[in-house]
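Remarks on the overall topology
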Amino acid sequence: MPIQPHADSDASRRAFIAASAAVGAAGLVAPFAIGAPQAQSGTKTLNLGLVGCGGRGSGAANDSLSANPNVRLVAMADVIPEKARAARDGLAKEHPGRVEVSDTSIYGGLDGYRQVIADPSVDIVLFATSPGFRPRHIAEAVAAKKHVFAEKPTCVDPAGYKICCAASDQALKQGTAIVTGTQYRRQASFVEGVKRIHDGLIGDVVDMTARYCGGPIWYRGREGGMSDAQYQIHNWMHFIWLSGDQPAEQAVHNLDVVHWVMGGAPDTCFASGGRFTKPEDSEMWDSCSATFAWKDGRQCDFKSRQLPQSATDFDNVVYGSKGTAFLRAFNNGTQIYDRSGKELFSMKGDIGAAYKQEHKDLVDSILAGKPIVELRQTAESSLMAVMARESGYSGQKLTWDFISDSSTLDLFPKELKLDGELPLPFVRVPGTYQMA
Ligand SMILES: NC(=O)c1ccc[n+]([C@@H]2O[C@H](COP(=O)([O-])OP(=O)(O)OC[C@H]3O[C@@H](n4cnc5c(N)ncnc54)[C@H](O)[C@@H]3O)[C@@H](O)[C@H]2O)c1
């Protein structure tokens, strides 16, 4: 399929994007769709800008380029520009002729993302930094009327949740797209399994279990000459303002499935956990177990942990009045049984296809003039993770009303400079820690 040269008429291309966005905002029928006539999709090219060029950023750009023949990568930002250059070179080998990122279109430092957003040739900004930056990055991209792909979690605190909700409303109003990296929503084994649950195959849903129990997580030690900010951004998993701790950074995948199956956020959360193995300067806990409860009496028992030489479990199980559904992680598929143990449904999993599908859906929706905006649902799933973490940290039972509305918790540093100092990390301990 022919790819437009980078210097195609930006004016006409942007006029097209704006027009299709406006059509989406008005809720009208799409003028055309990429999936249907190849000739049409081949005549329009969408340009990607990538912010955060580590493992997942490179992976997500690769997924988008693989899934969308009419997408190319034109700008990149990473606090460490060498990482962007390395990612660019790898992607260019994988997708010859479709990575047109000159050295002058690679931006470093904490403000580099602003230059990607400001680049008039960029249509879609793909965010894959550590999560703490996500809400503010998304909000600025939406304010600039860019389409967005945002990796999960989309927020790590209530302040970020509110930023996401406002950005979601603005995107809906102006007709720009926001797709998020919660790939199970696009994995066929989950889509078909949840559809059958919602259609009543296991009767009334009464309970769920959700697990993200894995082995130890990476730790990137401080290197000589690193400022506090450079070190924390480098070793981001271990600082709560950046990662949100394990419930948000990893188990949000499960909680997003819980949100999906249950049809929305819970009413309360009651959690506990602790830490036994984490390095001294890590703020992370090792485990968090929570009970989420909905007003109608349904519950979800959630457990996340990262412990060496311990059993692993990453699955979701949905218990109904007439049967049980196993929505298994990664490639492990879905199986649904009735009360007698008879198999009612089974489907293999393919997570790789789901990673690509989210980018295809994003691009298709833009080209069809029906931009997908799914940020609010992912912000809610992310806030469920924050709720579990904060309930555990504080030892308190939390309500959704409090965490989504009244809480003033904002973890983002008041002042952030790459060569600057940051407050000392600290471990939250129930009895002494109080959630704002
Ligand atoms: N959907 C999934 O299954 C999945 C899988 C892995 C990671 N992720 C998510 O992707 C994100 C990135 O994870 P990763 O594993 O790629 O981490 P990583 O450490 O490999 O990469 C993060 C990159 O972002 C850069 N960065 C950090 N702050 C930045 C800023 N303010 N501006 C520009 N660049 C910045 C870092 O220098 C680094 O290159 C996380 O949110 C993670 O949860 C999602």
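Owing to the predicted nature of the structure, the values given are computational and were not obtained by experimental measurement. (Residues numbered from 1 in each chain as written. Predicted model: local features only at pLDDT ≥ 70, side-chain atom pairs only at ≥ 80, totals over all residues.)

A word on the overall build of the protein chain. Helices and strands together make up the secondary structure of the protein chain, namely 15 helices and 15 strands. Here the protein chain has a C-alpha radius of gyration of 22 Å; the compact-globule value for 436 residues is 22 Å, and the two agree. In terms of principal-axis extent, the alpha carbons of the protein chain reach across some 60 × 55 × 40 Å. By residue count, 48% of the 436 residues in the protein chain fall in the buried class. Taking as baseline every contact in the protein chain between residues at least 6 positions apart, the subset at least 24 positions apart corresponds to 75%. (Helix = DSSP H or I, 4+ residues; strand = E, 2+ residues; numbered from the N terminus. Rg over C-alpha atoms; globule rule 2.2 N^0.38 Å. Buried ≥ 20, exposed ≤ 12 C-beta atoms within 10 Å, placed from the backbone. Contact = placed C-beta atoms within 7 Å.)

Looking at the ligand, there are 26 residues lining it, with G52, G54, R56, T129 and E151 nearest. Taken together, the elements giving at least two residues each to the shell around the ligand come down to α3 (55-67) and α5 (112-118). With three residues, α3 is the largest single contributor of residues to the shell around the ligand. (Near = placed C-beta within 6 Å.)

For the protein chain, the domain assignment lists domain 1 (10-182 + 356-373) and domain 2 (185-349 + 381-406). Elements represented by at least two residues in the side of domain 1 that touches domain 2 include exactly α7 (158-174) and α13 (351-367). Examining the composition of the side of domain 1 that touches domain 2, we find that three residues originate from one element, α13, more than from any other. Partitioned by chemical class, the residues of the side of domain 1 that touches domain 2 number seven nonpolar, five polar and four charged. (Domains from an automatic or database assignment. Nonpolar A, V, L, I, M, F, W, Y, C, P; charged D, E, K, R; others polar.)

With 20 residues, helix α14 (residues 375-394) should cover 28 Å at 1.5 Å per step; its first-to-last C-alpha distance of 27 Å lies within 8% of that length. Burial analysis of α14 places 17 of its 20 residues in the buried class, which makes it a mostly covered element. (Expected span 1.5 Å × (residues − 1).)

Read from one edge to the other, the open sheet built from nine strands follows the order β14-β13-β12-β11-β7-β10-β9-β8-β15, with strand pairing classed as mixed. On the outer flanks of this sheet lie β14 (343-347) and β15 (398-399), each paired with one strand and no other. Inspection of the sheet shows strand β8 (residues 268-274) paired to strand β9 (residues 287-293) by seven bridges, in the antiparallel sense. Residue pairing in the sheet places F270 in a bridge with T291 of β9. (Pairing = 2+ DSSP bridges.)

Here α13 contains 17 residues, and its C-alpha end-to-end distance of 25 Å stays within 8% of the 24 Å for a straight helix at 1.5 Å per residue. Summarising burial for α13: 13 of the 17 residues are buried, a large majority. One or two positions beyond α13, positive phi appears at G369, with a value near 75 degrees.

This part takes up the packing of helix α12 (residues 252-262) against α14. At a minimum axis separation of 8 Å, α12 and α14 run at an interaxial angle of 120 degrees. Crossing hand, α12 versus α14: right-handed. Contacts between α12 and α14 involve V252, L255, D256 and H259 from the former and Q377, T378, E380, S381, S382, M384 and A385 from the latter. Residue composition of the contact of α12 with α14, by class: four nonpolar, five polar and two charged. (Axes fitted to C-alpha atoms, helices over the stretch in contact; angles between N-to-C directions. Left-handed = near helix turned anticlockwise from the far one by under 90°.)

Here we have six strands laid out as an open sheet, ordered β3-β2-β1-β4-β5-β6, and parallel in their pairing. With one partner strand each, in any of the chains shown, β3 (106-107) and β6 (178-180) form the two edges of the open sheet. Pairing between strand β1 (residues 46-51) and strand β2 (residues 71-77): six bridges, direction parallel. Looking at β2, one finds that G49 is bridged to A75.

Next up on the list: the pairing of strand β5 (residues 147-150). Here β5 shows a buried face lined by H147 and F149 and a second buried face lined by V148 and A150. In this sheet, β5 lies alongside strand β4 (residues 124-127) in parallel orientation, the contact comprising four bridges. Note on β5: the bridge partner recorded for V125 is V148. Pairing analysis gives three bridges linking β5 to β6, with the strands arranged parallel. Residue pairing across strands places A150 opposite T180, the latter belonging to β6. After leaving β5, the chain enters α7 and then returns to the sheet as β6, a path that is right-handed. (Right-handed = clockwise from strand over helix to strand, strands pointing away.)

Counting residues in hydrophobic clusters, the biggest one holds 102 residues, and the most contacted among them are V125, L126 and V148. Broken down by element, this core gets its largest block of residues, eight residues, from α14. Looking at this core, you find at least three residues from each of domain 1 (10-182 + 356-373) and domain 2 (185-349 + 381-406). When sequence neighbours within four positions are dropped, the list of residues in contact with L126 reads L48, G49, L50, V51, A60, A61, S64 and F149. (Core = buried A, V, L, I, M, F, W, Y, C linked by C-beta atoms within 7 Å.)

Looking now at the packing of α7 against α14. Direction vectors running N to C along α7 and α14 enclose 170 degrees, while the axes themselves pass 9 Å from each other. The angle between α7 and α14 places the two elements in the roughly antiparallel class. Contact with α7, carried on its side by P158, Y161, C164, C165, A167, S168 and A171, involves L375, R376, A379, S382, L383 and V386 of α14 and no other residues of that element. In terms of residue class, the contact of α7 with α14 is built from 10 nonpolar, two polar and one charged. (Parallel < 35°, antiparallel > 145°, perpendicular 65-115°, else oblique.)

As defined by bridge partners, β9 adjoins strand β10 (residues 299-306) across seven bridges and the pair is classed as antiparallel. Bridge assignment links T291 to a residue of β10, and that residue is D301. Between β9 and the antiparallel strand that follows it, β10, lie five residues; G297 among them carries a positive phi value of about 100 degrees.

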